[in-house]
Amino acid sequence: MAITKKGIGAMAVAVGLCVSCGWLYIEELDDGHEVLIGDLVAVVKATYTVPENTVLTRDRIRIENVPRNFLPPNPLLESELSTYLGTPLARSVEHGAMILTSDFTRAGLGGALISSLVIKTAAIHLETDSPSEAGKTALDAVTASGGYIVASDTHLTRTSQTFAMTARVPAAKFEAVMAEMDELGAGVERRVRGAGIVGDVQRLERQLGNKDFVIEGLRAAKATSQTVEIVESDLAVAQQQRVEVEDKLAELSAETALATIDLTITQPATAPAERSIVTEVADELAASARAVVRGCLTVVRTVATALPLAFFLSPLLVVVGLWRRRRTPLG
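Described below are features of the structure shown in this document. Note that the structure is predicted; figures quoted are calculated from it, not measured.

About the cut-offs
Residues numbered from 1 in each chain as written. Predicted model: local features only at pLDDT ≥ 70, side-chain atom pairs only at ≥ 80, totals over all residues. Heavy atoms only, no water. Patch = residues over 30% accessible without salt bridge, like charges linked within 9 Å, V, L, I, M, F, W, Y side chains within 5 Å. Areas by Shrake-Rupley, 256 points an atom, 1.4 Å probe, with all protein chains shown as cover. Salt bridge = Lys/Arg side-chain N within 4 Å of Asp/Glu carboxyl O. Lys, Arg positive; Asp, Glu negative; His and termini not counted. Charge placed at Lys NZ, Arg CZ, Asp CG, Glu CD. Helix = DSSP H or I, 4+ residues; strand = E, 2+ residues; numbered from the N terminus. Core = buried A, V, L, I, M, F, W, Y, C linked by side-chain atoms within 4.5 Å. Buried < 20%, exposed > 50% of the residue type's maximum accessible area, 1.4 Å probe, protein only. Contact = heavy atoms within 4.5 Å. Arc of directions from axis to C-beta.

## Some words on a negative patch on the surface
- Side chains of Glu 244, Asp 247, Glu 251 and Glu 255 sit close together on the surface and give a patch of like negative charge.
- Residue placement: Glu 255 occurs in helix H7 (residues 228–257).

Okay, here's the thing in structure tokens:
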């Protein structure tokens, strides 16, 4: 059977249609696949089974990219990991399972939410007519906020007053207390500083997690080891080191819980009094009299300086005068 040109053309059209349909179908599948897995999110998974009450550390986890559409409601993302490191799990997590933020207790997170760990200090200098009264108001404001006074000083003299104090106030009420201080007088200087300690806390929390891991290993070794005394000694050292790390964390927490305010209140500088016309005339006369006296003293000083020279030259002048008189012929 001979194949005509029309048959070849029809076959070519049919093949083209099949190829086009297949291509469109493949593109549709790719689009659907991209919709499903195109938006990947980095989440935290357990490297192996993590028991309940175990502190979360980096050696117990791994990061994986998961399509957003496949995520549960509250996954622990890689971007949030630093907040949860060093925090014990409220429930066990199986090997390879995704760690959720609901796996941690709210109480446990209290020490791990470190984004606001900043040690705040402020120095304020104010001026007012009555520093002692303003100082009493400042003391009351600190006490009302739940803070305490580290030191205070009221200095009174015949011509001036100065009040100074150093106070510690709750960090949550720092701005409110500062606003009350600003109302006590005219501002001369105001400086507020914040020192972040997020890195220090993260480092200590990692150390704490490592100590827990070591302690767990030593406890397991103690149950199976024949040299129990050696294991108990190592366990006691690890537990003591863990307590030291906890103490350092507690110190940092105390530093951030309270802010320091250094307040100084002084009286404004006294403005010069207005001068009356009589005072100005008297000052001018006094200035003129002082000028005359200075002139007379200058003359006296000049004469006194010239007297020794006059005594030295006077005999010579007498001799010259007599000599000239003898040389003059008589008339």
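## Re the nonpolar core
- Counting 19 residues, the largest nonpolar core has Met 165, Met 181 and Leu 263 as the members making the most contacts within it.
- Secondary structure elements with two or more residues in this core: strand S3 (118–127), helix H4 (131–144), strand S5 (161–170), helix H5 (174–182) and strand S7 (258–266).
- Leu 263 has contacts with Ile 124, Leu 126, Ala 138, Phe 163, Ala 164, Met 165 and Met 181, leaving out every residue within four places of it along the chain.

## Brief notes about H5
- Among the residues making up H5, those that are buried are Phe 174, Val 177, Met 178 and Met 181. An end-on view of H5 places all buried positions within 100° of arc, on one side of the element.
- Check the buried side of H5 and you find it contacts S3, H4, S5, strand S6 (186–196) and S7.

## Observations regarding unusual backbone geometry
- The phi dihedral of Asn 53 is positive, around 70°, even though this residue is not glycine.
- Mapping Asn 53 onto the fold places it in the loop between strand S1 (40–46) and strand S2 (61–67).
- A residue is classified by how much of its surface remains accessible, and Asn 53, at 57% relative accessible area, is exposed.

## Topic: the environment of Leu 81
- In this structure, Leu 81 sits in helix H2 (residues 81–84).
- Spatially, the C-alpha atom of Leu 81 lies 9.1 Å from that of Val 43, the residues being 38 residues apart in sequence.

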